[in-house]
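Spelled out, the chains give:
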Amino acid sequence: MGRKCVVELSAVSPFAGAELPVSCGGMHLAETEMPVLFSVAPYPGQRTAVEGVLGQLPIGRRNGDLIWSGLDQWFLSADPEGLDGIAAVTDQSDAWAMLDLTGEGWRDVLARLSPLDADRFEAQQVARTEVAHMAGIVIGLEEGVRLGILRSFARTLHHHLVDAMQSVTAQSVLSE
Amino acid sequence: MRIECPQCGARDVREFTYLGAAVLADRPDADATTEAWQDYVHLRDNPAGPHDELWHHAMGCSAWLRVRRNTLTHEILTVTMAQEDRT
Amino acid sequence: MRVREGSRIDAERVVRFSLNGKAVVGRKGDTLASALLANDQRLMGRSFKYHRPRGVVTAGSEEPNALFEIGTGAGQVPNVRGTVQEIFDGMVARSQNCWPSLERDALAINDLMSRFLSAGFYYKTFMWPQAFWEKLYEPIIRRAAGLGALSGDEPVGDFDKAWAHCDLLIIGGGPAGLMAALTAGRTGQRVLIADEDVRLGGRLDAESFELGGMASTDWAREAAAELDSLPNVRVMTRTTVTGAYDGRTFGAYERVSEHLASPPAGAPVGTFWRIVADRTLLAGGAHERMIAFPDNDRPGIMQASAVRSYLHRYGVAPGRKVAVFTNNDDGWRTVDDLQAAGVEVSALIDTRPDVEPGRDVRTVTGAQVVATRGRLGLESLDISKPGGGRQFISADCLAVSGGWNPSVHLTCHMNGRPIWRDDIAAFVPKPGAVPGLEAIGAANGAFSTHEALRAGADAAGGGEIPAAEDAPVNVTPFWHVTGVKGRQWLDLQNDVTVKDIKLAHQENFRSVEHMKRYTTLGMATDQGKLSNMGGLAVMAELTGQPIPSVGTTTFRPPYTPIPVAALAGRAHRAHFAPDRYTPSHQLSEERGASYVEAGLWHRAAWFPQGNETTWKQSADREVGWVRGAVGVCDVTTLGKIDVQGPGARDLLDLLYTGKMSTLKEGRVRYGLMLREDGFVMDDGTCARLGPDHYVITTTTAAAGEVMAYMDFCAQVLKPDLPVRFISTTEQWAQFAVAGPQSRALLEGLLDQGLNDDVLPFMGYLPVQIGDVAGRLFRISFSGELAYELAVPTRYGDALIRVLEDRAKALGGGLYGMEALNILRIEKGFITHSEIHGRVTADDIGFGRMVSPAKDCIGKVMSQRPGLHGAERQQLVGLRAKDGALKAGAHIFGQGKRASAENDQGYITSACTSPTLGHLALAFVVNGRARHGEQVVAHDGLHGTDIACEIVDPVFMDPDGEKMRG
């Protein structure tokens, strides 16, 4: 009924206004490429049915596009189909802001931002934990780590990450 | 203090929120006596020793946990998922 | 004076710094104390109470006397131990607690008045006249008290906080710690070894031992190098483990740039660590005890082990003519080391009558020091033997050895008390006092190098150890001299003497806890490391008990003082808490908005325009826009929770007082949630988007609390219910579009009709804005015809700009929290100012919202006697003619005195409406029955009494025609 609304809305990054990417010492900080993110929460008793559609549901880990995100909940970096009635699905693409930290020294930075065992954090490992005093998600990359917090906290995460990168870099030149 | 979340492994207590004694899981029926309700909401044992309690892994996976903790030594004795452990 | 090479000193690198404005030259590797001793300066400070001249007593962090202010301006740090501070070029150091100078301190007059200033003097003196205490005596005493001073400026420098995990934490890098680290490190365990000192080695750097056929200091270097080479071993020097906590977690402070002239940009001053260790070995060594004798506090009187530390580490002799006073074999080494360095030893005095030290020096056994002389530094002393006369001894340094106290402190942090051992006349840690922690080496009363190495290796898995000395200490307890006049000092930092302990005993403060607090023994920044034992020993004698029966006070973290800023880390000033920004923040900045903090969110409070200079001018205009045209406001911060599943209805019925299960698709309902004790927890809305799909909203403040409570209900109370939910607060940018022109604005934007058939009041409609799928709710917090439009947050900035443009075209624009507050008060809509945790549904006039047809959280308890009826304080409105009302004011009947008995209630929200005047929402006893009554709002804080009338809390449009139209 009536003509379609022709207003075009442009998208804005959660990190708009923050300096990115950042290079410091041998480390690199960049915004994560993440166009789409959906949460999938199988209803009680429907795990197997959901695995039939998405594949094995890991805990504390990531299987390709499928990322464990909490109790009975997974993130999928795609809009899932075939889950009607067996899982609750919500769009979370705009709810999270994520940064990728790579390069030597990233573990020392992680140790300054979360209580995790930074020295033992592996690629594909996923943890829900406190990141710079905010509820966050930590995902292991091949040579670094992906840190995610709720979108509105983006500037705070960026600030503390850069501080920690500068601190670690500065201390690496201190002798004895 | 550290609590071993069955989903996440051992984590520092800062990731958890304490609710209270595990009796909170035994909610009376709507038609239970006033005394039953008063006890449920207000009356608690205060043991010097093992104490069953409910904690929420609020800064973690969001699981509610049933924890047995020694109130004298703060030793955590057992941790189970509240949604699985119905005892 | 510098007499030889020191293992820490780089003789080639000169360091220039200043003390009290005078230039001093030292060497790289010197501490402030060693540099001053190298320059023959023994006078280093003035004591706390009596301003007596004092010198350095130790070579470690237990130092009580040599405290300095380091740095100037904002970077100034007080109470820095001269024995720990490494010197650097340009360092500025100042003595504390002395004026006008260290050498001539005016308050030394206190020493002459010592009779009147003994322990607890402030309980007995300065009593009369009573008024003088607060105005005169206390300010003077407070000015005179304290040691160092803070600059008062905004501090500079950052501190990091960090976490470390390991299989084995080793506290202390002396022989026991090194051996344990090597043993465990070589087998691949993940080891973390921390030492408060500049390098690993402990006393291996401070003695002339041989270890494994080489000098002990060389063995320590090699061990440290091997540890550095092992990838599974983390070595942390300049790192003090400050506390033991539950869950095998330890606190530690690492000094990162306190010793650097120019720290690299970005480096912190220090790092506060939390270390999680499967197992921990406490190898923190032991502190040498002093012996008390008259005037035992003159500069030059120090620990014998400290004399050896200065000799070996820094190549410094603290005097030219050194006497040694000991009650154990360990003290004799000092003679050997001094003579080997070419320093004259004037005498070896041993309290034990039947020993034969066999040193080539004047030796007197069975003797005690009974007097000392030298005002600004030791010059000579007298000794005597029982039954014999006095002998004169010339000395400018006295090395005292009273035995060793194992460093038990960490083992007491979790309420453990140490155990007394007669054979070493000392306390040792109680096993198991800290779960997972074991004490080894001198920390456990095993004082020889061999014993330390053996204990370290055994604790880490066993194996071979290098050959090392195994001499016994052979201490015979001797705590203080008797039968002579003169004050004998126990606590050097707080100026507490043996006489003070006797006074405490005389006045019946005999338990160790009373003795401590009455005399202040052990309450200084060194936590009594050198003084506790002496105090216990004196009290034991006085009460006729063995020392362990007197007991010990406990120790608390931190082990040595750390900056409070280190515990804050980066969370200070503007970054004290995380900041949350709304999707409209960038636009708000461009419009010059001021903000209010709602929890962690920054919400625009008003948008100034034209010549507006006050918030009220802007807010009144924005209120006018909403009531007369259209306003746009960012309401993203309110909690949004997406609830799905066949069991969603049951969960919502449990949470809400109302029957949400009857809500139709496309409809929205206002709802209340109670706590289980029957009081209101939160209010919000529930919208049904699909057959098994709901979105509920909460207040901004309670979003997290409601989410956690829903998790509790679902996981703990109803784990089988097929329902899942997740927060979508951040997924959707949501804007209120409110006012008579709001429908026109949205019909224009969305290019579709929005009459009541399409979108009724309390309805929901999915919409499209270009390619973007949005959600349109018709709900109102302003009381006007209003909507809330939501889009995925990435489009929020673009959308609010479009909405603002279209609002301006219709004679309106943006409105902020101040205007919103006025609008909602005019309509009697509540916030957490009203639902503050102590009101029931009935109190706020929503008793009928608690459905009688079903159970819900809080249902039963909300029906308790006392939660209903005329004695309750009920929500009302107040109108005043003359004078703005204020939240917090209390309500009294006209002419009634403002007292607790007459108190009728209190104001929770107030505003001055641009059209309706001074309004307030309040809770008043039996308020609903008292409309029309004249009362008084009494504000004791601001000193006002304002007449007002009790009215209906909905001040305009009571039937809500504007919202529903």
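Bear in mind the structure is a predicted one, so any value in this text is a computation, not a measurement.

Caption draft 1: Fine view of the overall build of chain A. What chain A contains, in helices and strands, is three helices and eleven strands. When the helices and strands of chain A are listed from N to C terminus, the series reads β-β-β-α-β-β-β-β-β-α-β-β-β-α. Considered along the principal axes of its C-alpha atoms, chain A spans approximately 70 × 45 × 25 Å. A total of 176 residues make up chain A; the buried ones form 49% of that total. In chain A, of all internal contacts separated by at least 6 residues, the share reaching a separation of at least 24 is 64%.

Caption draft 2: Representation of the domain arrangement of chain C. Residue and element names in this part refer to chain C. When the domains of chain C are assigned, the result is domain 1 (1-151), domain 2 (157-288 + 404-473), domain 3 (290-401), domain 4 (589-637 + 731-824), domain 5 (640-727) and domain 6 (869-964). Here the C-alpha centre of domain 6 lies 30 Å away from the C-alpha centre of domain 4. The interface is formed by eleven residues belonging to domain 4 together with seven residues belonging to domain 6. Secondary-structure elements contributing two or more residues to the side of domain 4 that touches domain 6 are helix 16 (615-628) and helix 21 (817-826). In terms of residues, the side of domain 4 that touches domain 6 owes the most to one element, helix 16, which gives three residues. Among the residues forming the side of domain 4 that touches domain 6, the class breakdown is five nonpolar, four polar and two charged.

Caption draft 3: Focus on the interface of chain C and chain B. Contacts between the two partners involve 17 residues from chain C and, on the opposite side, 19 residues from chain B. Top contributing element to the side of chain C that touches chain B by residue count: helix 18 (residues 703-717) of chain C, with six residues. When the residues that make up the side of chain C that touches chain B are grouped by side-chain class, the tally is eight nonpolar, three polar and six charged.

Caption draft 4: Examining the sheet that holds strand 32 (residues 594-598) of chain C more closely. All names here are of chain C. The sheet built from three strands is open, its strands ordered 31-33-32 with mixed pairing. Of all the strands in the sheet, just strand 31 (580-581) and strand 32 have a single pairing partner and so form its edges. Of the pairings in the sheet, the one linking strand 31 to strand 33 (residues 601-606) comprises two bridges and is parallel in character. Each residue of the ladder has a partner; that of Tyr 581, found in strand 33, is His 602. The strands touched by helix 21 within the sheet are strand 32 and strand 33, with strand 33 carrying the most contacts at an inclination of about 75°.

Caption draft 5: Representation of helix 17 (residues 648-655) of chain C. For helix 17 of chain C, the tally of buried residues reaches six of eight residues, placing the bulk of the element in the interior. Of all the positions in helix 17 of chain C, only Ala 648, Arg 649, Leu 651, Leu 652, Leu 654 and Leu 655 of chain C are classed as buried.

Caption draft 6: Broad picture of the nonpolar core. Ranked by size, the top nonpolar core spans 267 residues in total, and within it Leu 157 of chain A together with Ala 180, Phe 735 and Val 737 of chain C carry the most contacts. The residues contacting Val 737 of chain C, other than those within four sequence positions of it, are Val 630, Val 632, Ser 742, Leu 745, Leu 746, Ala 786, Tyr 787, Leu 789 and Leu 803 of chain C.

Caption draft 7: Molecular detail of the domain arrangement of chain A. Residue and element names in this part refer to chain A. Here the domain parsing of chain A yields domain 1 (16-34 + 95-176) and domain 2 (35-92). For domain 1 versus domain 2, the distance between C-alpha centres works out to 25 Å. Contacts between the two partners involve ten residues from domain 1, matched on the other side by eleven residues from domain 2. Elements with a contribution of two residues or more to the side of domain 1 that touches domain 2: strand 9 (126-131) and strand 10 (134-141).

Caption draft 8: Structural view of the UniProt feature "domain: Aminomethyltransferase C-terminal" (unreviewed entry) in chain C. Here the UniProt feature "domain: Aminomethyltransferase C-terminal" (unreviewed entry) sits at residues 874-957 of chain C. Across residues 874-957 of chain C one finds 0% helix and 51% strand; the C-alpha atoms that close the span lie 21 Å apart.

Caption draft 9: Structural context of the pairing of strand 8 (residues 96-102) of chain A. Residue and element names in this part refer to chain A. The buried fraction of strand 8 amounts to five of the seven residues, a majority that puts the element mostly inside the structure. Here strand 2 (residues 27-31) runs beside strand 8; their pairing, made up of four bridges, is antiparallel. For Ala 30, the partnering residue across the bridge sits in strand 8 and is Asp 100. Inspection of the sheet shows strand 8 paired to strand 11 (residues 144-150) by seven bridges, in the antiparallel sense. Directly across from Trp 96, in strand 11, lies its bridge partner Leu 150.

Caption draft 10: Here's a closer look at the interface of chain C and chain A. Taken together, the contact between chain C and chain A spans 48 residues of the former and 47 residues of the latter. Of all the secondary structure elements, the ones that give two or more residues to the side of chain C that touches chain A are strand 8 (159-171), strand 31, strand 35 (640-644), strand 39 (724-727), helix 19 (742-750), strand 41 (763-769), strand 43 (786-792) and helix 20 (796-809) of chain C. For the side of chain C that touches chain A, a count of residues per class yields 23 nonpolar, 13 polar and twelve charged.

Caption draft 11: Layout of the sheet that holds strand 36 (residues 668-674) of chain C. Residue and element names in this part refer to chain C. Read across the open sheet, the five strands follow the order 36-37-38-35-39; overall the sheet is antiparallel. The sheet terminates laterally at strand 36 and strand 39, the two strands that pair on one side only. Sheet twist, expressed as the average angle between the axes of neighbouring strands with direction ignored, equals 25°. In terms of strand pairing, strand 36 meets strand 37 (residues 680-690) through seven bridges, oriented antiparallel. In the strand pairing of strand 37, Leu 674 is matched with Val 680.

Caption draft 12: Representation of the packing of helix 16 of chain C against helix 21 of chain C. All names here are of chain C. One way to put it is that helix 16 packs onto helix 21 with a least axis distance of 8 Å and a crossing angle of 55°. As judged from the angle between their axes, helix 16 and helix 21 are oblique. For helix 16 against helix 21, the interelement crossing comes out right-handed. Facing Trp 615, Ala 619, Glu 622, Val 623 and Val 626 of helix 16, the residues of helix 21 in contact are Glu 818, Ala 819, Ile 822 and Leu 823. Taken together, the residues of the contact of helix 16 with helix 21 sort by class into seven nonpolar, no polar and two charged.

Caption draft 13: Region of interest: the packing of helix 7 (residues 304-314) of chain C against helix 8 (residues 332-340) of chain C. All names here are of chain C. Relative to each other, helix 7 and helix 8 sit at 25°, their axes nearing to 9 Å. Compared by their axis directions, helix 7 and helix 8 come out roughly parallel. Once helix 7 is placed against helix 8, the crossing between them reads as left-handed. Residues Ala 304, Val 307, Arg 308 and Leu 311 of helix 7 lie in contact with helix 8, whose contacting residues are Arg 333, Thr 334 and Asp 337. Each residue belonging to the contact of helix 7 with helix 8 can be placed in one class, and the counts come to three nonpolar, one polar and three charged.

Caption draft 14: Fine view of the UniProt feature "domain: SoxA A3" (unreviewed entry) in chain C. Per the UniProt record, "domain: SoxA A3" (unreviewed entry) is found at residues 485-570 of chain C. Within residues 485-570 of chain C, the helical portion is 44% and the strand portion 6%, while the C-alpha atoms at the span's ends are 54 Å from each other.

Caption draft 15: Main features of the pairing of strand 48 (residues 917-925) of chain C. Residues and elements named next belong to chain C. Across the nine residues of strand 48, seven count as buried, placing the element largely inside the fold. Here eight bridges tie strand 45 (residues 873-880) to strand 48, and the two strands are oriented antiparallel to one another. Paired with Leu 878 across the bridge in strand 48 is Ala 920. Judged from the eight bridges that link them, strand 47 (residues 905-913) and strand 48 form a sheet pairing that is antiparallel. Paired with Cys 911 across the bridge in strand 48 is Leu 919. The antiparallel pairing of strand 47 with strand 48 creates a hairpin that spans three residues between the two strands.

Cut-offs and rules
Residues numbered from 1 in each chain as written. Chains lettered and ligands numbered in written order. Predicted model: local features only at pLDDT ≥ 70, side-chain atom pairs only at ≥ 80, totals over all residues. Helix = DSSP H or I, 4+ residues; strand = E, 2+ residues; numbered from the N terminus. Buried ≥ 20, exposed ≤ 12 C-beta atoms within 10 Å, placed from the backbone. Contact = placed C-beta atoms within 7 Å. Domains from an automatic or database assignment. Nonpolar A, V, L, I, M, F, W, Y, C, P; charged D, E, K, R; others polar. Pairing = 2+ DSSP bridges. Axes fitted to C-alpha atoms, helices over the stretch in contact; angles between N-to-C directions. Core = buried A, V, L, I, M, F, W, Y, C linked by C-beta atoms within 7 Å. UniProt positions renumbered as here; feature names shortened; annotations may be inferred. Parallel < 35°, antiparallel > 145°, perpendicular 65-115°, else oblique. Left-handed = near helix turned anticlockwise from the far one by under 90°.

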